[in-house]
Amino acid sequence: MTELTDQKQTTLAAIAAATTLDALEEQRVGALGKKGWVSLALKTLGQMSPDERKDAAPAIQAVRAEVADALDARKTALETAALEAQLASETIDLTLPPPAAAKGSIHPVSQVMDELAEIFADLGFAVATGPEIEDDWHNFTALNMDESHPARAMHDTFYFPDKSADGGEMLLRTHTSPVQIRSMKDQGAPIRIIAPGRVYRSDSDATHTPMFHQVEGLVVDRDIHLGHLKWTLETFFKAFFEREDIVLRLRPSYFPFTEPSVEVDVGYSNEGDRRVVGGHGDAEGHDWMELGGSGMVNRRVLEMAGVDPDEYQGFAFGLGIDRIAMLKYGMNDLRAFFDGDPRWLQHYGFSPFDQPTLSGGVGVRP
Amino acid sequence: MKFSLTWLKDHLETGASLQEILDTLNAIGLEVEGVEDPATSLAGFRVAKVLTAAPHPDADKLQVLTVDTGEGDPLQVVCGAPNARAGMKGVLGLPGAVVPSNGMELRKSAIRGVESNGMMCSVRELELGEDHDGIIELPDDAPVGSSFADYHGASPVIDVAITPNRPDCMGVYGVARDLAAAGLGTLKPIAMPQFSASGACPVEIRTDDAEGCPAFYGRVVKGVKNGPSPDWLQQRLTSAGQRPISLLVDLTNYLMLAFGRPAHVYDLAKLSGAVVARRAKDGEQVLALNEKTYTLDESMVVIADDNEVHDVAGIMGGENSGVQPETTDVLLEIAYFNPARIGVTGRKLGLASDARTRFERGVDPAFLEDGLDLLTGLIVELAGGSASEMTRAGSPPSEAKIVAFDTALTARLGGVEVPADEQKRILESLGFTVSGDWPKNGNVTCPLRRHDIEGPADLVEEVVRIHGLDKVESVALPRVEGVARPTATPQQLMERKLRRAAAGSGLDEAITWSFLPVDAAEHFTATDDLWVLDNPISEDMKAMRPSLIPGLLIAAKRSADRGAGATRLFELGRRYFRGPGGMSDERPTLGAVLAGEKTPRGWASGKAQAFDAYDAKAAALTLLEAAGAPVANLMVMGEAGPQFHPGQSATLRLGPKNVLARFGMVHPATLKAFDMDGPVAAVELFLDAIPAKKAGKGPVSFARPGFTPPALQAVTRDFAFLVPAELAAEDLLKAVRGSDKANITAARVFDVFTGQGVPEGKKSIAIEVTLQPQDKSYKDADLKAIAEKVVAGAAKLGAELRG
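The structure presented is a predicted model; accordingly, all values stated were derived computationally and were not measured. (Residues numbered from 1 in each chain as written. Chains lettered and ligands numbered in written order. Predicted model: local features only at pLDDT ≥ 70, side-chain atom pairs only at ≥ 80, totals over all residues.)

What about the packing of helix H19 (residues 729-739) of chain B against helix H20 (residues 780-795) of chain B?
Residue and element names in this part refer to chain B. Rule in force here: Angles run from 0 to 180 degrees between N-to-C directions of axes, and those axes are lines fitted to C-alpha atoms, restricted for helices to the stretch in contact. The way it works is that DSSP assigns letters per residue, a run of H or I at least four long becomes a helix, a run of E at least two long becomes a strand, and they are numbered from the N terminus. Oblique is the label for any angle not under 35 degrees, not over 145, and not in the 65 to 115 range, which are roughly parallel, roughly antiparallel and roughly perpendicular in turn. Each crossing is labelled by how the near helix is turned from the far one, with a counterclockwise turn of less than a right angle marking it left-handed and a clockwise turn marking it right-handed. For every residue pair, C-beta atoms are placed from the backbone, and the pair is scored as a contact if these atoms sit within 7 Å. Each residue gets one label: Ala, Val, Leu, Ile, Met, Phe, Trp, Tyr, Cys and Pro are nonpolar, Asp, Glu, Lys and Arg are charged, and the others, such as Gly, are polar.
Where H19 contacts H20, the axes come no closer than 8 Å and their chain directions differ by 140°. In terms of their interaxial angle, H19 and H20 are classed as oblique. Note on packing geometry: the crossing formed by H19 with H20 is right-handed. Between H19 and H20, the contacting residues are Leu732, Ala735, Val736, Gly738 and Ser739 on the first element and Lys789, Val790, Ala792, Gly793 and Ala794 on the second. Grouping the amino acids of the contact of H19 with H20 by side-chain chemistry returns six nonpolar, three polar and one charged.

Some words on the sheet that holds strand S26 (residues 433-437) of chain B
Residues and elements named next belong to chain B. The condition is simple: In this scheme, strands are said to pair when DSSP sees at least two bridges between them.
The three strands lie next to each other as S25-S27-S26, forming an open sheet whose pairing is antiparallel. Either end of the sheet is taken by a strand with one partner, and the two such strands are strand S25 (402-405) and S26. The average angle at which neighbouring strand axes cross in this sheet is 25°, direction not considered. Inspection of the sheet shows S25 paired to strand S27 (residues 441-445) by four bridges, in the antiparallel sense. The residue bridging isoleucine 402 from the neighbouring strand is threonine 445, located in S27.

A word on the sheet that holds strand S4 (residues 169-172) of chain A
All names here are of chain A. Spatially, S2-S4-S3 is the arrangement adopted by the three strands of the open sheet, whose pairing is antiparallel. Because the sheet does not close on itself, it has two edges, and the strands there are strand S2 (133-135) and strand S3 (159-163). Direction aside, neighbouring strands of the sheet carry axes that sit 35° apart on average. Bridge count between S3 and S4: two bridges; the pairing is antiparallel. Counted as the bridge partner of tyrosine 159 is leucine 171 from S4.

Remarks on the domain arrangement of chain A
This is how it is decided: An automatic or database domain assignment supplies the start and end points of every domain.
Assigned domains within chain A: domain 1 (2-89) and domain 2 (108-348). For domain 1 of chain A versus domain 2 of chain A, the distance between C-alpha centres works out to 92 Å.

Details of helix H10 (residues 369-383) of chain B
All names here are of chain B. Short version of the rule: Expected span, for any helix, means 1.5 Å times one less than how many residues it has. Three classes are used. A residue is buried when 20 or more other C-beta atoms lie within 10 Å of its own, exposed when 12 or fewer do, and partly exposed in between, with C-beta atoms placed from the backbone.
For H10, which comprises 15 residues, the first-to-last C-alpha distance of 20 Å matches the rise-based estimate of 21 Å (1.5 Å per residue) to within 8%. Along H10, the residues that are buried comprise Gly371, Leu372, Leu374, Leu375, Thr376, Leu378, Ile379, Val380 and Ala383. Buried residues along H10 sit against strand S14 (215-222), helix H7 (247-259), strand S22 (330-336) and strand S23 (386-387). Remark: glycine 384 follows H10 within two positions and exhibits a positive phi of approximately 75°.

Structural notes on the interface of chain B and chain A
At the junction of the two partners, chain B supplies 78 residues and chain A supplies 74 residues. Per-element accounting of the side of chain B that touches chain A gives the leading share, seven residues, to helix H14 (residues 490-504) of chain B.

Now the structure itself:
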């Protein structure tokens, strides 16, 4: 038995000293292999008498277990050390930049158009569109500006040399109002639409571009009046700017296609060099800013669009989209809108995931 | 239109403050565009007396003055005006004052070594006139030390924008009438100067064009003495921004600016025979007062005598018969012209004038005789002479419009309750007369000057604007019960999704001009049928775009010139074509341009990589899928257009004719035409070509077709084929996929190889085929059978399995 104990001690020492899995395997074979000393010791049990065996068997089994456990433990330790060494050798510099994916952006005008659609949809307005190359009937005549009307000359119109089949002069629409006519002709009354889109005036300076964006609003029903117009614009601006302190001022004005005609001003104040919408325009530190034209649709316009003016009446308004985008998001140069400079687009543009929703609010916070 | 407060008060008795007047003007629709208060601009300028004047020791043309400012010791001032002399009174600008004409702030300074404590001012420096020959000389009784603004009686000047429907307010008197109606005071009656007229008018006056000139009234005044106008007149004209010229000219301008009534004065000595309003002859010419010659045609009305045309009627007088300083006998003309005809003539001639502005909008047909008498009276009073009787040819429109009016309409349309009595008061104070069964069935007779009144809505406007639009309360629009219904059309939904998909794939959305330089547009069209503007703002913005790519290329070039590494732009907009009936055909389109470095040089990726045609293809497919196109059914075909690299571009089609998109590398010649360096990839999606999804009938269903992932695992098999070098990989894939549709769920190319081991004229294409077992797992025999079908299918295209 002493011999067995000595062998065990020697083997355990060798296992503890093994630094490689091969050395460890050598010890396993030497002890637990077919011809290993533990295996040989186990074979001796067969030749023993039952009494001898009763004593010897547990002792040999205990040695076997002890050696096997030591082998397992050492194996795990060696493997762990090897893995650690391997991982240590695989260390990389994670301060280096990863491959970059290009980040795209949505143009502020598109974003604001989506915001408009979202707010006005809640008020029951659909979005309508119409051609940008128009004839003068839709752009002027049907809007109560016949050929000799002085207001026509004030529109800085871009003309084409072409004539329509009806002999109409072809031009670039100077406002989104022709969509009123087309929509009423198509759908009749009652109707609630907004019509955002490109419009054109032959005007170019620091604050005017020959192409810009407008949104037209039109509500025609049986008993719509100026009070509804005021509410609609107030409600829109409150939602658009997410401010309850929006104050509108209506001023009498003149547009051939509305009667009465109303200019809409909004109160604002200056914060630094930025105009901030809100507050009463006559209050200390505040002033009024023109937002757009509006009024009750002229009955002649209703007639020309095929709507019975004795049964229906309504209001229309027009707002500059670029302008309200600038007011909301703080751009100060209209010309940059149409320059396609990726630096500007990435700064002022929006993430594609900033889809305006009523629950999330239609504005994108910086 | 500008006028001074003093002038307004000629016609309006009021105790209202300037601010109240401004607020009211805005409130009633006469928008205040600006106010200049000379008390502000002339602050720091005082009446001063020159005590001594001595030559400057070092400058011949300068004098050194001592000036009494009314307080403290006299100041020393250096002055260059030849009329500066001891004993005179003038206007001194003190240090700190700002010279109105040039915005310069005066300072204590040394002029050629002599101290100067201010500036003696000329008329021009204070913007009171043109004179700059010397400093202002004030009368002896001018109080030294007083503010010059007070002494001068300088009155604030109000600039009001008059909308085109209100020619009746294109005179100060009309503005006063509106203010009086709004409760700001009392309108004063027009003060008609007394004069005696004797003898018939010695000049025959006629209108031979009753439609263009329904009325032509005139009168001769003989023995007048023309000369400078009195101060009151000059001040009023100056406040209106008009330069005083001579008494006779100034008086006609005064009549126009004060009463909105243009008139004309002819030098009688230059006229011969009858003076006639008639149609011009084609090609007839006139030298107008602006010293330009205009060629006329038969549609235009002129005033002519036996010899020549003297006046483009209602627009501008002729140079040859205009009054001169020495003029003594004059013919006065007051006429009524057809507004539409004046507008047409003005536009044809490209000639604008204050008279045209008023005539084409419509002057007061009831103010011919009074206007002529007023002008005559002022001339006789200020220039002397004796007036003949008035002579009249024709007559102006005299039938007043009567509008049936129910006062309830004001609330119905205007959204504000205005008591019937107040409505009546407002209308009457504006010159309307009210009769009939007020308030339900009233008749409102409109003053002839109110050409803008067409019907009851216009009367509502009058009532509401005077009553106050601020009294209109907000009223909520009725809304549907419950949650608002969706309103977007399928097209709108598609564009929204597509736009955000494009941005999500790394592209920046640009908005570029709809118009292009003609050559850029022509480069991108196969037809010569572009929409080209008649009156572009510049040559760079002339032709409506037939493609979205050129505008994006121009933007990408600008970007590259600014040093950008990569430019990835897209735009969602319209292309403009010819449609039926001479109208346009505007097609929704997405364009994208990829320029510069797709990947910059990097520590891991090595050299910078440019965009290639597969980037364009990936963008085209991704975006078409987002737009709802059946991407799996598309065919890759050629003919992307001559703007693209012929070997590295393609179209994506649904069927052989319907082109949904084109993509690829931009042709080097195109890059050269746009002055760009390559390579540049581009994509264009023709959204109008994507078939619309059929809308189902009945209520919307959101349910999708049923699907359970197969329980059995899919297996893959690889095949390498030798194929003719020119065979399109897509064709081989289609053949493979089609060879056993029941089992093959996918097939993709994972290697393309030419070179060693591949015979000349051939290439090797390796395909991974995915097989999906349905009810039971494949056995070897099944797989073998499928493989045989694949090989057989590929063989139809000349592909042989590589050994």
